[in-house]
Every structure is written in structure tokens, then in C-alpha cells.
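# Inside the fold
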Amino acid sequence: MLVLTRKLGERILVPQCDVEITVVAVHGNTVRLGVTAPNAVAVYREEVWHKLRGKPPDIPFQESAKSGEREQDP
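Residues numbered from 1 in each chain as written. Predicted model: local features only at pLDDT ≥ 70, side-chain atom pairs only at ≥ 80, totals over all residues. Heavy atoms only, no water.

Right, let's talk about the overall build of the protein for a bit. When its secondary structure is counted, the protein shows 1 helix and 5 strands. Taken from the N to the C terminus, the helices and strands of the protein come in the order β-β-β-α-β-β. Buried positions account for 8% of the 74 residues belonging to the protein. By sequence separation, contacts in the protein at least 24 residues apart represent 2% of the contacts at least 6 residues apart. A total of about 6,900 Å² of accessible surface is found on the protein, and carbon and sulfur atoms cover 54% of it. (Helix = DSSP H or I, 4+ residues; strand = E, 2+ residues; numbered from the N terminus. Buried < 20%, exposed > 50% of the residue type's maximum accessible area, 1.4 Å probe, protein only. Contact = heavy atoms within 4.5 Å. Areas by Shrake-Rupley, 256 points an atom, 1.4 Å probe, with all protein chains shown as cover.)

Within the secondary structure layout, His 50 lies in helix 1 (residues 46–53). Setting aside anything within four residues of it in sequence, one finds His 50 in contact with Lys 55, Pro 56 and Pro 57.

Our focus in this paragraph is the packing of aromatic side chains. Tallied over the full model, the rule gives 1 aromatic pair. Taken together, a centroid distance of 5.2 Å and an interplanar angle of 35° make the contact between Tyr 44 and Trp 49 tilted. Residue Tyr 44 is classed as partly exposed on the basis of its relative accessible area, which comes to 42%. (Phe/Tyr/Trp six-rings, centres within 6.5 Å; stacked < 30°, edge-to-face > 60°.)

Structure (C-alpha cells):
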């Protein structure tokens, strides 16, 4: 996963897909993003995509800091 830091008004570009993601607003721990993409490129929020697919999202796992074992998130 690529992790990027952006400020209000700054963008992330995915040139191969002609997609732009812009930070439109930040309120507390909520970030509003604007996505510009060609009509042929579908863009979904994760929960909508899983509902459309009729499949629940994969349950994420995290490593335990003490034991090094993987444990399931609650």
C-alpha cells in the first residue's frame, strides 16, 4: 500500500487510468475527497462495491505485537 500525505486542495494522480483524487475538505477525523475519472472508469465506496458484488468484505488481520501471531480484528 502506498501511503501519501496531502493537504487541502492537493491531488493524487493515477495517470494510467486518467484518475485524479483531490482533498476537498477536512473536518476533524473526516476527509472529503473528490474523484475525477473518465465515464468508463467506475468508482465506488468500498461498502457499496461489496454490496453490489453480494459478498462481504474480507476480514482484516493484524499481527500481535507481543506474540507475533496474527489475530482477527473485532
